[in-house]
Amino acid sequence: MGNIFVKTVSDRACVVASDTTWMEHAALQQLLTTSQLEGMQRVAGMPDLHPGRGYPVGAAFFSTGRFYPALVGNDIGCGMALWQTDLSASAVKLDKLEKRVGNIDGAFGDGDAFDGANAIAQALTDGSLPATGFEAALGTLGGGNHFAEFQQVDTVFDTAALAALGLDTKCLLLLVHTGSRGLGQHILRQHVDQFGHHGLVDGSSDSAAYMAQHDAALQFARLNRQWVAQRLLANVRSEGRHVLDVHHNFVAQSTVGGNTGWLHRKGATPSDQGPVLIPGSRGDYSYLVQATQPDDATLRSLAHGAGRKWMRTACKDRLFKLMTPTQLGRTALGSRVICNDRELIYEEAPQAYKSVNSVVQDLVGAGLIRLLARTKPVLTYKTRGECCE
């Protein structure tokens, strides 16, 4: 692209970052190591790049001749879905909203305002949901960085674009971030036990078998986000309209630079599927953006969030003497966080993440996006209990 925001790391690797972007050396090393896998043609790190379990998170990878399920990871189909609610942002009472949100940690039950059990039965009958044995996890977030967040529009950059999306800036939005729950882990575990991390040859029966499972997990993840949203909307007595849904952990056949192969995304948002929302930490803003033009050099991908700055194991030690869990349940932006897991609330503290503004500005500087709106958190749901998996 010929600008200072897309830095060449090697002949196969680049990273979108300014000179001031905080980037951990271990993440860059993982990016370089991954670029040397057999058949790998190009890898691109996003501004939210950070180390993962052997492979970096916040990156896209393009290979030919074979693809690598381990690059997709254990949460196949993890992504973001955005809903427009009819809850007035100016009239919302946080105490009431926090109470009405209820508890969505467990499987659908008789007390649910949304009849999720019936929705699952219908989806299994009509074929929109493949039977996997993990149906009990549908409608739940899981642990880690997954969340559901009521937000309000804070700043509008493109009024016409918001109108085209049908967004009402006077009402709350609901953002849901989750994936395929235990199903993705099950699929990856099966694959690694049989094939290790060597990848699968294009066109083989083994690659076809994995992709069938992978695509079922994508369907599962999309329905999971839908039912988490509908469950919460029913609890808070709101109507909602689906605005967008995008995966950021998946692999798909693609043509890049004239070559046909496999485009993997591990914590990277597609830039060729319309507007996307890039969230910050639970105490930071989020940005609704539109890709300016899908770019092959950066593998038609964008950041999927702010990106971790601290390892999970280090968070509690850094923050325990400075802030209590109760204090972490209130943010500098005036929002609240529902997280009754004392370990998780430290692991997911805003301080553990990069500034989303710096991530987004790197994408703007690289000419990859234009801003549509900025949102701020109102109420974030992570868990009512201490049993996230």
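1. Looking at unusual backbone geometry
Here is step 1: One non-glycine residue, Arg181, lies in positive phi territory at about 55°.
Here is step 2: On the secondary structure map, Arg181 appears in the loop between β8 (171-178) and α6 (182-195).

2. Looking at empty space enclosed by the protein
Here is step 1: Applying the stated criterion across every chain yields a total of 2 cavities of 30 Å³ or more.
Here is step 2: Roughly 60 Å³ of internal volume is contained in the largest cavity.
Here is step 3: For the largest cavity, the full set of lining residues is Arg282, Leu328, Val337, Ile345, Glu348, Ala349, Pro350 and Lys382.
Here is step 4: The computed volume of the second largest cavity comes to approximately 30 Å³.

3. Quick word on the packing of aromatic side chains
Here is step 1: Applying the stated criterion across every chain, the model contains 4 aromatic pairs.
Here is step 2: Taken together, a centroid distance of 4.5 Å and an interplanar angle of 45° make the contact between Phe67 and Trp262 tilted. Of this pair, Phe67 sits in strand β5 (residues 66-67) while Trp262 sits in strand β12 (residues 259-266), and the two are 195 residues apart along the sequence. Across this residue pair, the class does not change: Phe67 and Trp262 are buried.

4. Remarks on the environment of Asp110
Here is step 1: In this fold, Asp110 is placed in the loop between α3 (94-101) and α4 (116-126).
Here is step 2: Note: C-alpha distance between Asp110 and Val228 (118 residues apart in sequence) is 16 Å.

5. A look at the pairing of β8
Here is step 1: The buried fraction of β8 is high, at 8 of 8 residues.
Here is step 2: Across 7 bridges, the pairing between strand β6 (residues 79-88) and β8 is antiparallel. Counted as the bridge partner of Ala81 is Val176 from β8.
Here is step 3: Note that strand β7 (residues 147-156) and β8 share 5 bridges and pair antiparallel. Residue pairing across strands places Phe150 opposite Leu174, the latter belonging to β8.

Cut-offs used in this document
Residues numbered from 1 in each chain as written. Predicted model: local features only at pLDDT ≥ 70, side-chain atom pairs only at ≥ 80, totals over all residues. Heavy atoms only, no water. Helix = DSSP H or I, 4+ residues; strand = E, 2+ residues; numbered from the N terminus. 1 Å grid on protein atoms, 1.4 Å probe; cavity = no way out; pocket = protein on both sides within 12 Å on 5 of 7 lines; lining within 4 Å. Points joined across faces, edges and corners; volume = space filled by probe spheres on them. Phe/Tyr/Trp six-rings, centres within 6.5 Å; stacked < 30°, edge-to-face > 60°. Buried < 20%, exposed > 50% of the residue type's maximum accessible area, 1.4 Å probe, protein only. Pairing = 2+ DSSP bridges.

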